[in-house]
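Residue-level listing of the chains:
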Amino acid sequence: MYVALADHIAARIAVGELRPGMRLPAERALAEEYGVAYMTVRRATAVLRERGLIVTVHGKGTFVAESAHDSGDSQE
């Protein structure tokens, strides 16, 4: 389930709905929005961090990585 959630958020980043530098909602708010457990969101955000799509700044929040829109679909 958490991978599907990570994929959905990644898709929102890919289409520009979530832009680089944009702060993501709090994990508890995301859990409520998607109707999943808080730990599911925590696991999904860990996957997104591993993919380089988001960064978490202690005390500030979680943000879409500046390079997130470019990663993965380079056509060179």
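Residues numbered from 1 in each chain as written. Predicted model: local features only at pLDDT ≥ 70, side-chain atom pairs only at ≥ 80, totals over all residues. Heavy atoms only, no water.

Caption draft 1: Examining helix α3 (residues 38-50) more closely. Helix length check: α3, at 13 residues, gives a terminal C-alpha distance of 19 Å against a target of 18 Å (1.5 Å per residue), a fit within 8%. Positive backbone phi, at 80°, marks G52, one or two positions downstream of α3. (Helix = DSSP H or I, 4+ residues; strand = E, 2+ residues; numbered from the N terminus. Expected span 1.5 Å × (residues − 1).)

Caption draft 2: How the structure looks around helix α1 (residues 2-14). Taking 1.5 Å per residue, 13 residues should reach 18 Å; α1 reaches 18 Å between its end C-alpha atoms and fits that length. Of all the positions in α1, only L5, A6, I9, A10, R12 and I13 are classed as buried. All buried residues of α1 lie within an arc of 155° about the axis, which places them on one face of the element. Of the surrounding secondary structure, the elements contacted by the buried residues of α1 are α2 (27-34), α3, β1 (54-57) and β2 (61-64). (Buried < 20%, exposed > 50% of the residue type's maximum accessible area, 1.4 Å probe, protein only. Arc of directions from axis to C-beta. Contact = heavy atoms within 4.5 Å.)

Just geometry here; none of it tells us what the structure is for.
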